[in-house]
Amino acid sequence: MSNDSPILHPITHDRFLADVQALARAIEAGEWAPDMLVGVGRGGLVPAVYLSHRLNRPMLSIDYSSASEDAALADVAARSAAGTRLLIVDDINDSGGTIAALRRLLSDKGGDARHLRFAVLLDNSRSGERVDYRADSIDRDTDKRWFVFPWEALATQQAIVDEALSVPDRLA
């Protein structure tokens, strides 16, 4: 690889499991408890499944980037408006773009932010959005690694590199 290639940092399965346990403990230690988890496609689906089993809570999935998921987003918004406490799970809060978009879309569809919380495995302290629960934190000003989660490990290295290079501001 050239000097312009990203520094790939694989997250081991054991580390992933430890991170899910850390999230579960943080959630259980607080006064707020989710009624249901919502996994964000693609990266948040696997952590949400594991966390839903660990917390013994049901799970839904959404993909805010797909027009076909409009009904799923409306369902999540309606559930929060009705008082259902929803924990939205993603793999990483890097720029904050996904979380900001979900907050906006759910609000636009009548969702109640008082019943929504966000959890991630990895949280960038420099992100434009804050999360309620995190397993670990990084500072993107100094940490330029591209994190490869276990569910991404079957992709070709070139596909992983291409994805990393598609967001150069996170690597520079």
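In short, a report on the structure. The shown structure was predicted, so the numbers you read here are calculated from the model rather than taken from an experiment.

Within the secondary structure, Leu106 is located in helix H4 (residues 97-108). Separated by 10 residues in the primary sequence, Leu106 and Leu116 have C-alpha atoms spaced 9.6 Å apart. Not counting residues up to four positions away in its chain, the partners in contact with Leu106 are Leu73, Val76, Ala77, Ile88, Gly111 and Leu116.

The next point concerns the nonpolar core. Generally speaking, a soluble globular protein has its nonpolar side chains buried in company with each other. Core analysis: the biggest nonpolar cluster contains 21 residues, and Leu51, Leu87, Tyr133 and Phe147 have the highest contact counts within it. Listed by contribution, the elements that provide at least two residues to this core are helix H1 (13-29), helix H2 (45-55), strand S4 (86-93), strand S5 (116-124) and strand S6 (133-138). Top contributing element to this core by residue count: H1, with five residues. Apart from residues no more than four positions distant in its own chain, Leu87 is found in contact with Ile27, Trp32, Pro34, Met36, Leu37, Val38, Leu51, Arg117, Phe118, Ala119 and Tyr133. Counting 18 residues, the second-largest nonpolar core is a separate cluster that includes Ile62, Ala72, Leu73 and Leu116.

Moving on to the side chain of His115. When you line up the elements, His115 lands in the loop between H4 and S5. For His115, the contacting residues outside a window of four places in its chain are Trp32, Ser80, Gly83, Thr84, Arg85 and Leu86.

At a minimum axis separation of 8 Å, helix H3 (residues 70-81) and H4 run at an interaxial angle of 75°. One finds that H3 runs roughly perpendicular with respect to H4. On H4, the residues touching Leu73, Val76 and Ala77 of H3 are Leu102, Leu105 and Leu106. Looking at side-chain class alone, the contact of H3 with H4 contains six nonpolar, no polar and no charged residues.

Strand order in the open sheet formed by five strands is S3-S2-S4-S5-S6, with parallel pairing between adjacent strands. Sheet topology places strand S3 (59-62) and S6 at the edges, where each strand pairs with a single neighbour. Going from strand to strand, the sheet's axes swing by 25° on average, the running direction of each strand aside. Summarising the sheet, strand S2 (residues 36-40) and S3 pair through four bridges and their orientation is parallel.

At the junction of Gly41 and Arg42, the peptide bond is cis and its omega measures out at 0° in the coordinates. Tracing the backbone shows Arg42 in the loop between S2 and H2. Here Asn56, not a glycine, exhibits a phi torsion of approximately 55°, which is positive. Looking at where Asn56 falls in the secondary structure, it is placed in the loop between H2 and S3.

Here we take up H3. Every α-helix winds through 3.6 residues per turn, so residues three or four apart in the chain are directed the same way. An ideal rise of 1.5 Å per residue puts 16 Å on 12 residues; H3 measures up with 16 Å between its terminal C-alpha atoms. For H3, every residue scored as buried is listed here: Ala72, Leu73, Val76, Ala77 and Ser80. All buried residues of H3 fall inside an arc of 135° around its axis, so they share one side. In this fold, the buried residues of H3 make contact with S2, S3, S4, H4 and S5. Immediately downstream of H3, the backbone of Gly83 shows phi near 105°, a positive value.

The rules behind these values
Residues numbered from 1 in each chain as written. Predicted model: local features only at pLDDT ≥ 70, side-chain atom pairs only at ≥ 80, totals over all residues. Heavy atoms only, no water. Helix = DSSP H or I, 4+ residues; strand = E, 2+ residues; numbered from the N terminus. Contact = heavy atoms within 4.5 Å. Core = buried A, V, L, I, M, F, W, Y, C linked by side-chain atoms within 4.5 Å. Buried < 20%, exposed > 50% of the residue type's maximum accessible area, 1.4 Å probe, protein only. Axes fitted to C-alpha atoms, helices over the stretch in contact; angles between N-to-C directions. Parallel < 35°, antiparallel > 145°, perpendicular 65-115°, else oblique. Nonpolar A, V, L, I, M, F, W, Y, C, P; charged D, E, K, R; others polar. Pairing = 2+ DSSP bridges. Expected span 1.5 Å × (residues − 1). Arc of directions from axis to C-beta.

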